[in-house]
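Working through the structure, step by step
Next come the chains, spelled out residue by residue.
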Amino acid sequence: MAKQKSAAKSACIVVSLVLVFLLIALLVCYFLTASYYADHFFPGTVLNGTAVGKMTVEEAENKVAQEVADYIFSIETRDGEKYQIIGPDIDYAYAPGSEISDILKAQEKYHWLTKRKGKKEIHLEVSAVYDADKLDQAVAKLPCFQSENVTKPRDAYLQKTDSGYELVEAVEGNQLLLEKVQKLAREAVDAGEDRLVLTDKAYKKPKVASDDKELKQALDNINSYLHTTIKYDVGENGEVLDYETIGDWITVGEDYTVAFDESRVTNYVQYLASKYNTYGAVRNFKTSLGDTVQVGGGDYGWVIDKDRERKQLLSEITSGKTIEREPVFNQTALVKSETYDIGDTYVEIDYTNQHMYFYDNGVLKLESDVVTGNISSHNGSPDGFYKIVYKERDTTLTGEDYASEVAYFMVFAYNVGFHDASWRNEFGGDIYKESGSHGCINMPEDQAEKLFEIMPTGTPVVAYYREPVVLTAENAKISNAYSYVSGTE
């Protein structure tokens, strides 16, 4: 019995010793493992996607360095094109610091029993170095910067068409701003990013967009101006100014202000004057004898006031309206014609035949022999187209060497007119060549009286010679006589 108790006691001691040894062994293993994880990462540890479980700091740094060496930087355009720049091209390399060592130091090694399982993702601020100049060069060599692949932006602008003006839309293009993209790439690589998506800010934009308010306002203004039509009541058929001509006058400034080329407006007014002014023009005139003579000079006819017409035109072409009017005249004639503007009521003086005729609405109401200016003493009467300026009763005509009382005086040129000549017994023939007047048209008193009564002020006067003459008198000069010759005595 005593022996059995002794054996049992011994067995208990052996078991206890075994348990103690086992516990000690476990503790040794625990601390040895903890000591191992003082220099190694726990299983399942991942740094920025790189598995470094059971690696030392040096091994982890080598693994991370290898991953960094495989760095690829992507640039994506707004059109969806993607380009890659690889790490070796820009000398991209890992710059080891204390980051990995600090992560290991922060690892709780005595918790290895609970930390040895599962994945442990850890974000690592990796320090890397690269050659910025090489990055800039690599960016510049990308296909999106090569001229054959670049569409430059184009400003919206206004274009003349057959029916007016239209807005030509701006072209956005795909021209990237190289320095802008290089800066964005450096910033992205500095931040450790592997992708850069380019936005509109990286592209060169048109200076003038299609929806530019000032451009659209200019277009509205122009098309409004092109609706302007001015119908001139001038000449036999009139003249129409519309968009086809006005469109050529329009100018658009750099700030899209719409104006008119005033030199072209001036040229147009000059065109009107050249076409419709009849003052001093040579006209074909059918005489009372049935033949046709050419008569020019004088002061009768249409005269457009070019300065006032230009100013009025400039004020009207912005109205967008249809305007019907005459040009601005500073002198008018009786008939709207650019070729024959005296109508059917006029006085005709045939100096060569020394005869005058008065027609009223095409009906001959009076004719008479006359004596006109003395050719031999350089006092020939002025020829040309004139009109009766005024009529006067009972006046005295005076000159350097004469004073003549007349009962009827009808003036048509400078100090020259029809009047009675009671001192003459004969009229017509060749009297004027040697014994003519000082320039006036001498008539028998009864004929002068009739003419005075039936001929209204403003009646056109056509006076002509059938043979060449030279007029040098002052009245011929001032009256713009057709046959006046300057400087001839």
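Summary of the structure given here. Along each chain, residue indices are assigned from 1 in the same order as the chain's sequence is written. The predicted origin of the model limits local features to residues at a pLDDT of at least 70 and limits the giving and counting of side-chain atom pairs to 80 or more, whereas totals for whole chains, interfaces and linings rest on all residues. Water and hydrogen atoms were dropped before computing side-chain values, which therefore reflect all heavy atoms in the structure.

**So, the overall build of the protein**
Quick note on the threshold: The numbering of helices and of strands both runs from the N terminus, where a helix is a DSSP run of H or I of at least 4 residues and a strand a run of E of at least 2. Throughout, radius of gyration means the C-alpha value; the globule benchmark is 2.2 Å times the number of residues raised to the power 0.38. For the exposure calls, accessible area comes from a 1.4 Å probe over protein chains only, and a residue counts as buried if that area is under 20% of its type's maximum, exposed if over 50%, partly exposed in between.
Helix and strand content of the protein: 13 helices and 28 strands. Computed over C-alpha atoms, the radius of gyration of the protein comes to 56 Å, more than 25% over the 23 Å expected from 2.2 N^0.38 for 489 residues, which places it beyond the range of a compact globule. If you line up the protein on its principal axes, its C-alpha atoms span 205 × 45 × 35 Å. When each of the 489 residues of the protein is scored for burial, the buried share is 41%.

**Observations concerning the sheet that holds strand β2 (residues 50–51)**
Condition: Here a strand pair is declared whenever DSSP counts at least two bridges between the two strands.
If you trace the three strands from one edge of the open sheet to the other, you get β2-β1-β6, paired in mixed fashion. Of all the strands in the sheet, just β2 and β6 (120–122) have a single pairing partner and so form its edges. Two elements, strand β1 (residues 45–47) and β2, share two bridges in a ladder whose sense is antiparallel. For L47, the partnering residue across the bridge sits in β2 and is T50.

**Some details on unusual backbone geometry**
Unusually for a residue other than glycine, D394 sits at a positive phi of about 50°. With respect to the helices, strands and loops of the structure, D394 is situated in strand β24 (residues 390–398). Given the relative accessible area of 57%, D394 is considered exposed. Phi at N480 takes a positive value of approximately 55°, unusual for a residue other than glycine. We classify N480 as partly exposed; its relative accessible area is 30%.

**Thoughts on the pattern of salt bridges**
Formally: Basic side-chain nitrogens of Lys or Arg form a salt bridge, by our definition, when they fall within 4 Å of a carboxyl oxygen of Asp or Glu.
Scanning the model with the defined rule gives 21 salt bridges in all. Close ionic contact of K183 with E187 constitutes a salt bridge, the shortest N to O distance being 2.6 Å. Of this pair, K183 and E187 are both found in helix α6 (residues 178–190), four residues apart, which corresponds to roughly one turn of the helix. Judged by relative accessible area, which is 43%, K183 ranks as partly exposed. R310 is the salt-bridge partner of E262, the closest N and O atoms lying 3.1 Å from each other. Here the residue E262 occupies a position in helix α9 (residues 262–276), and R310 occupies one in helix α10 (residues 306–316), the gap between them amounting to 48 residues. Judged by relative accessible area, R310 falls into the buried class, the value being 18%. One salt-bridge network, in which partners are shared between bridges, spans E262, D307, R310 and K311.

**With respect to α10**
What counts, and what does not: The arc refers to the directions leading from the helix axis to the C-beta atoms.
Residues E309, R310, L313, L314 and E316 constitute the buried set of α10. Taken around the axis of α10, the buried residues stretch over an arc of 165°, which confines them to a single face.

**Topic: the pairing of strand β4 (residues 82–86)**
Judged by which residues are buried, β4 turns out to be one-sided: Y83 and I85 face inward and are buried, whereas K82, Q84 and I86, on the alternate face, are not. The pairing of strand β3 (residues 72–76) with β4 spans five bridges and is antiparallel. Across the sheet, the residue bridging to I72 is I86, located in β4. Where β3 hands over to β4, the hairpin turn is made up of five residues, of which G80 adopts a positive phi near 90°.

**Concerning helix α12 (residues 445–454)**
Spelled out, the test is: Here a residue-residue contact requires only that any non-hydrogen atoms of the pair lie within 4.5 Å.
Burial in α12 covers these residues: Q447, A448, L451 and F452. Seen from one end, α12 has its buried residues packed into an arc of 135°, which puts them on one side. Residues of α12 that are buried in the fold lie against β21 (355–360), β22 (363–369), β24, β25 (403–413), β26 (416–420) and β27 (441–443).

**Focus on the sheet that holds strand β20 (residues 346–350)**
The following threshold applies: Under this scheme, a helix contributes an axis fitted over its contacting stretch, all axes are lines through C-alpha atoms, and angles between N-to-C directions fall in the 0 to 180 degree range.
In spatial order, the strands read β22-β21-β20-β28-β23; together these five strands make up an open sheet with mixed pairing. The strands lining the two open edges of the sheet, one partner per strand, are β22 and β23 (384–387). Strand-to-strand twist across the sheet, computed as the mean angle between neighbouring axes with direction ignored, equals 20°. Here four bridges tie β20 to strand β28 (residues 460–464), and the two strands are oriented parallel to one another. Directly across from I349, in β28, lies its bridge partner A463. Sheet contacts for α12: β21 and β22; angle to β22, the most-contacted strand, approximately 150°.

Everything listed here is a matter of geometry and, on its own, says nothing about what the molecule does.
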